[in-house]
Amino acid sequence: MNKPLLAALSALAIAGVGAAPAVAAPQAKAVKAVTVNFAGTVSLSNCSGSVIRFPNSADSDPALVLTNGHCLETGFPAPGEVITGQSSSRSFGLLNSSGSRVGTLRANQVVYSTMTDTDVTIYRTTTTYAAIKSSYGISPLTVQDTHPTAGSAIKVVSGYWKRIYSCDIDGFVYRLKEGDWTWKDSVRYTSACNTIGGTSGSPVIDTATGKVVAVNNTGNEDGERCTENNPCEVDANGTVTVRQGINYAEETYLIPACFTTGNKLNLSAAGCTLPKP
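As the structure is a prediction and not an experimental result, all values here were calculated from the model. (Residues numbered from 1 in each chain as written. Predicted model: local features only at pLDDT ≥ 70, side-chain atom pairs only at ≥ 80, totals over all residues. Heavy atoms only, no water.)

A. The pattern of salt bridges, seen in detail. Applying the stated criterion across every chain, the model contains six salt bridges. Close ionic contact of Arg-53 with Asp-59 constitutes a salt bridge, the shortest N to O distance being 3.1 Å. As a salt-bridge pair, Arg-188 and Glu-233 come within 2.8 Å of each other at their nearest N and O atoms. Here Arg-188 is found in strand 11 (residues 181–189), whereas its partner Glu-233 is found in strand 14 (residues 232–234), with 45 residues between them in sequence. Neither Arg-188 nor Glu-233 differs from the other in exposure class; each is buried. What emerges from the salt-bridge pattern is a single network uniting Asp-170, Arg-188, Glu-233 and Arg-243. (Salt bridge = Lys/Arg side-chain N within 4 Å of Asp/Glu carboxyl O. Helix = DSSP H or I, 4+ residues; strand = E, 2+ residues; numbered from the N terminus. Buried < 20%, exposed > 50% of the residue type's maximum accessible area, 1.4 Å probe, protein only.)

B. Inspection of the nonpolar core at higher detail. Judged by nonpolar contacts, the single largest core of 43 residues is most densely connected at Val-51, Leu-64, Phe-92 and Phe-259. Looking at this core, the elements with two or more residues in it are strand 2 (48–53), strand 3 (62–67), strand 4 (82–87), strand 5 (91–95), strand 6 (101–114), strand 7 (120–128), helix 2 (129–136) and strand 13 (212–219). Sorting elements by how many residues they give to this core places strand 6 first, with five residues. Apart from the residues lying within four places of it in its own chain, the contact partners of Phe-259 are Phe-54, Leu-64, Val-111, Ile-122, Lys-264 and Leu-265. Ile-154, Val-156, Tyr-189 and Val-213 belong to the second-largest nonpolar core, a separate cluster that totals 13 residues. (Core = buried A, V, L, I, M, F, W, Y, C linked by side-chain atoms within 4.5 Å. Contact = heavy atoms within 4.5 Å.)

C. How the structure looks around the packing of aromatic side chains. The tally for this structure, following the rule as stated, stands at four aromatic pairs. Taken together, a centroid distance of 4.8 Å and an interplanar angle of 35° make the contact between Phe-54 and Phe-259 tilted. Remark: Phe-259 occurs in strand 17 (residues 259–260) and Phe-54 occurs in the loop between strand 2 and strand 3; sequence separation between them is 205 residues. Pair check on accessibility: Phe-54 and Phe-259 agree, each one buried. (Phe/Tyr/Trp six-rings, centres within 6.5 Å; stacked < 30°, edge-to-face > 60°.)

This is the structure:
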């Protein structure tokens, strides 16, 4: 998992040395890319994140912040554990387009957090999208409610490091196993996104739409098999593949169906397939 304090500085020192940039494939047609910057991303004490909305969210709704399950301030959720409605007073540094911190947002609740099937934490803040827009001129990032597409150009935007990684979605992983945790249908990056500790929770943005399609969470650092910081891929037949230096994210398209009017979590809503407590 891309935590910041375990060899993150050494990773910075060698970043790019062992990871060859992906070779760009010929494009059949030009796709106009959306400008992706730091606006709407946040820095956490140990991770990255973003202010998000769903397609049906209203400007008057309480703003939500998305990061990883393993970035939760009370520690990693156990396998099979789903946390909802937990009190929180966590603060987030709100960034503008250039990556400058322009304000502080504060949570009052962990709306949802798990490391089972996916790796997400969603916080509810004490303010609204409209208030953030009024105070800082910053709009939230919209979470796409359809499955991402292999080959799509993406950017991983880290508020912690104030760094943007550019690559493509290389493909999808049936099961990604790391230590005691297993994630389903994970995104595999091409090698150009050599994310490091502290990038956990960064939004993965499709450059064609500007929407969030995944949340960055891990990579195989040492070539080990299925250990912490060394996830392995497991296909439907149980075949294990280790890809040292390759990094991954967890899809977010399932999340919008689990939120109803007022950005309220409803795990019983039609179409909601997120793990339940």
